[in-house]
Each structure stands twice: as C-alpha cells, then as structure tokens.
Amino acid sequence: MKKTLACLAAGLLLVTSLSACASRPLPNSSASASNAENAQKLSVVCTNFPEYDFVRQIVGDKADVTMLLKPGAESHTFEPTPQDIITIQNSGLFVYVGGDSDEWVADVLTSMDQSRMTIFKLMDCVDLVEEELVEGMQPEAEAESAGSEAEATPEMDEHVWTSPANAMKIVQKLCDTLCTLDSADQDTFKANTQAYLAQLQKLDDEFRKVVENGKRKEIIVGDRFPFRYFCKEFGLKYYAAFPGCSTDTEADASTVAFLIKKTKEDKIPVVFHIELSNEQMCNSICEATGAKSELLNAVHNVSDSDFKAGVTYLSLMEHNVEVLKEALN
C-alpha cells in the first residue's frame, strides 16, 4: 500500500510554521483556569480505534486523546492530512500500530522533530505472528505479482489487539509509558489500568469458556481475516476469503465456492463478516448454505453512530463472545 507523496510533502512543509502558530499564546488572552489546565494536559494522538480506546480507559480526563482515523473510515487506506501531521507533531505521545495500515508513519516521523514527543508502537508490545494463506484463501494481487521477493520477506500480522491477552500486554505498557510522561497523574493511571486489566481478563476468560464448551473449533469468515492472533490464542481453526490486510473486497468464484463447500461439509451454522464491510460475500455464502450471517468485530474502527454512542473495545468484544458461542455450537 503506497501513500501519495504529495499529501505528505504538503503536510511536512506546513508542520513547522503552523504548529508554531498553533502553540503560540494569544496576547491579552482571558483564558479561564480550566483552559490553562487543559493546555497543560498531555496530548496523546492515536492512529486507530483500539489504541484510542485503550488510552482513554487509562487516562480518563487527565489527558487529551485524539484518534486520527475518522469513524466509519477504512483503516488500511488511511492517508494523513496536513492537519493530521501537525497534530502528530504537537503531541506528547504518538501511538500507532506499525503494520501496513500505518505504512505512512515512517516517512512522517523521519521528517519531524521528535525531541519533545514519545513514540509508541503496538507491534513492539507482543510476540508477532506472520500473516498466512490458509486453504481456499485468495492471495493479495500485490503478493502474487511480487513472486519470490514477497516470499523472502514474510509479512507480520498487524492486528495484535484482537487477542485479549495481547490487549492486556499493550495496556500495561501504555500505562507504564503514560506514567513516565505524566508522573503527577500516575496514581490515577495505575488505578484505572488495574481496573481495566481485570475487565480484559474477564473477557479472556469468557472467550476461553465459549471455546472449551463449543461443539466445534472452527470458524468461517466470508471477508478479510484480521483474527490471526485471536484464533491462535484460543486454538481455533479458520477459513476466510482474504488475509487481514488485503485491500480486495470481491473474491473470485473459486474462493466463494470453496467457502460454500466448507460451510456445508463442516455444518457451520454461522458465517462471519467484519465491521464496515459490504457483507456481499458473506451473504452469498449464507444464501447458498442456509448459514446465518453475523458480525465478528475486529475493532479496526467503528461507525460514526457507534462512536457517538460511546462503544468501547470491551463492548464490541462482548458482542463477539455471544456470536462466537452461536458459531461454535
């Protein structure tokens, strides 16, 4: 996934001048005490929803947290605007994933003054696994054309947050970093983190109970597959249409036929699609097999209405507990 250089170049030219203007105090300002307090808050900028939600669970109202990815937008095709780049430059902590969806980050950061900001990469927090092509899965067009070069450089799966166990590791390391950056509020951060980790552990236990009590240990996803860490953690076999970071939305006939065949052969009662999907492929499989179509949240992003309603990583994953119970029985 190649980002347009024009966008980055324009943004980088503006960073120095506009960020300086943004941070310059206004003369004769009559700002209130609350405004002064807000100005001193740590600014945290996150690229996508999981990071954003993890951080806000830790900091509460003790920091200003921004999500660059707009609700409803596709994370794998995100391109930063000049204003986004300025926002990153002015942050005290910048949190990003580190995979294909954040391919633009390296160029932006190397052109910035990072002396007053801390960089946090999710993929540095956990043990990584490679993206894989399972039986019947359609490879990305780029990978097919790259040939041996693609085989020589295996791509690590970026969707590290889909496993609650990984989420706990990420949250703890975020807390440690935030405490270093804002020692005055570290007691609040640590207390919030401990409460949140307990909720994440409860979620992990719920998933384990569902899998242990399930009649089958297999799921089918008629969509991209960003659940590599999730399935590895809980010992689930899977079949899907595309790898997790694929930009494809329409599978060829052989891929759809394979998933229909597997759904029938293995008597799969539920076929999944992911959030913000057009659901067409999943619906086609369900129409051909009698299976039920259900959403399995990968928590890349949320719709604008869900964002405004205050959904969280936990609430989205609790939905996954219920639909997984149905799919495995």
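Numbering of residues starts from 1 in each chain and follows the order in which that chain's sequence is written. Per-residue local features are limited, in this predicted model, to residues with pLDDT of at least 70; the limit for side-chain atom pairs, both in listing and counting, is 80 or more; totals at the level of whole chains, interfaces and linings are taken over all residues. Excluded from the side-chain calculation are hydrogens and water; included are all heavy atoms of the structure.

A few words on the overall build of the protein chain. The helix count covers DSSP runs of H or I at least four residues long, the strand count covers runs of E at least two residues long, and both are numbered beginning at the N terminus. When helices and strands are counted, the protein chain shows 14 helices and eight strands. Excluding contacts between residues fewer than 6 apart, the proportion of contacts in the protein chain whose partners are at least 24 apart in sequence is 72%. The protein chains shown are the only cover counted for residues, whose accessible areas, like all others here, come from Shrake-Rupley with a 1.4 Å probe. Of the accessible surface of the protein chain, which amounts to about 15,300 Å², a share of 50% is contributed by carbon and sulfur atoms. Here, two residues are considered to be in contact whenever any of their heavy atoms come within 4.5 Å of each other.

Here we come to the environment of Ile119. For Ile119, the position within the fold is in strand S4 (residues 118-121). C-alpha separation for the pair Ile119 and Val45, spaced 74 residues apart in sequence, amounts to 9.9 Å. Excluding residues that lie within four positions of it along the chain, Ile119 makes contacts with Phe94, Tyr96, Leu109 and Gln114.

Turning to the sheet that holds strand S7 (residues 270-273), a few remarks are in order. A pair of strands is treated as paired once DSSP finds two or more bridges between them. Pairing is parallel across the open sheet formed by four strands, whose spatial order is S6-S5-S7-S8. Either end of the sheet is taken by a strand with one partner, and the two such strands are strand S6 (237-243) and strand S8 (292-295). Adjacent strand axes in the sheet meet at a mean angle of 25°, parallel and antiparallel pairs treated alike. For S7 and S8, the ladder comprises four bridges, and the chain directions are parallel. Following the sheet pairing, His273 is matched in S8 by Leu295. Think of each axis as a best-fit line through the C-alpha atoms, taken over the contacting stretch in the case of a helix, with angles from 0 to 180 degrees between the N-to-C directions.

With that out of the way, let us pick up the packing of helix H9 (residues 186-213) against helix H14 (residues 313-327). Following both chains from N to C, one finds H9 and H14 inclined at 10°, their axes separated by 9 Å at the closest point. In terms of orientation, H9 lies roughly parallel with respect to H14. Facing H9, whose interface residues are Tyr196, Gln199, Leu200, Lys202, Leu203, Glu206, Phe207, Val210 and Val211, H14 presents Tyr313, Leu314, Met317, Glu318, Asn320, Val321, Leu324 and Lys325. Residue polarity follows a fixed list, in which Ala, Val, Leu, Ile, Met, Phe, Trp, Tyr, Cys and Pro are nonpolar, Asp, Glu, Lys and Arg are charged, and the others, Gly among them, are polar. Along the lines of polarity and charge, the residues of the contact of H9 with H14 split into 11 nonpolar, two polar and four charged. When an angle is under 35 degrees it counts as roughly parallel; over 145 it counts as roughly antiparallel; between 65 and 115 it counts as roughly perpendicular; any other value is oblique.

Let's shift gears to the confidence of the model for the protein chain. Each residue carries a pLDDT value, the predictor's own confidence for that position, ranging from 0 to 100. Overall, the prediction assigns the protein chain a mean pLDDT of 87, with 83% of residues at 70 or greater. Note that pLDDT drops below 50 for residues 13-36; the model gives that stretch 12 contacts with residues more than four away or on any other chain.

This part is about the nonpolar core. Buried Ala, Val, Leu, Ile, Met, Phe, Trp, Tyr and Cys residues that are joined via side-chain atoms within 4.5 Å together make up what is termed a nonpolar core. Note on exposure labels: buried denotes an accessible area under 20% of the residue type's maximum, exposed denotes more than 50%, and partly exposed covers the range between, all computed with a 1.4 Å probe on protein chains only. Grouped together as the largest cluster of nonpolar side chains are 69 residues, with contacts concentrated most on Ile219 and Tyr313. When neighbours within four sequence positions are excluded, Ile219 is seen to be in contact with Phe225, Cys231, Lys237, Tyr238, Tyr239, Phe272, Leu296, Leu324 and Leu328. Ala241, Phe258, Leu259 and Cys286 belong to the second-largest nonpolar core, a separate cluster that totals 15 residues.

This part takes up helix H3 (residues 49-59). Taking burial as the measure, the 11 residues of H3 include nine buried ones, the bulk of the element. Those residues of H3 not exposed but buried are Phe49, Pro50, Glu51, Tyr52, Asp53, Phe54, Val55, Ile58 and Val59. The positive-phi residue at the C-terminal boundary of H3 is Gly60, with phi of around 60°.

As a further point, take the packing of aromatic side chains. Here a pair means two rings of Phe, Tyr or Trp (six-membered ring of Trp) with centres within 6.5 Å. Their orientation is stacked below 30 degrees between planes, edge-to-face above 60, and tilted elsewhere. Under the definition given, this model contains 12 aromatic pairs. Note on Phe94 and Tyr96: the rings are 5.6 Å apart at their centroids and 10° apart in plane angle, and the pair reads as stacked. By relative accessible area, which is 0% here, Phe94 ends up buried. Through a chain of ring-to-ring contacts, the aromatic side chains of Phe49, Tyr52 and Phe307 assemble into a single cluster.

All right, on to the pattern of salt bridges then. The term salt bridge refers to a side-chain nitrogen of Lys or Arg lying within 4 Å of a carboxyl oxygen of Asp or Glu. Enumeration according to the criterion identifies 12 salt bridges in this entry. Linking Arg228 and Glu132 is a salt bridge whose minimum nitrogen-to-oxygen distance equals 3.7 Å. Separated by 96 residues along the polypeptide, Arg228 in helix H10 (residues 228-234) and Glu132 in the loop between S4 and helix H6 (141-146) bring together distant segments of the chain. Among the residues examined, Arg228 registers a relative accessible area of 16% and is labelled buried. On the basis of relative accessible area, Glu132 is assigned to the partly exposed category, the value being 31%. Among the ionic pairs, Lys308 bridges to Asp304, the shortest N-O distance being 3.0 Å. Of the two residues, Lys308 and Asp304 are both situated in helix H13 (residues 304-309); the distance of four residues between them amounts to about one turn of the helix. Given the relative accessible area of 66%, Lys308 is considered exposed. Several salt bridges share partner residues, and in doing so they unite Asp204, Arg208 and Glu233 into one network.

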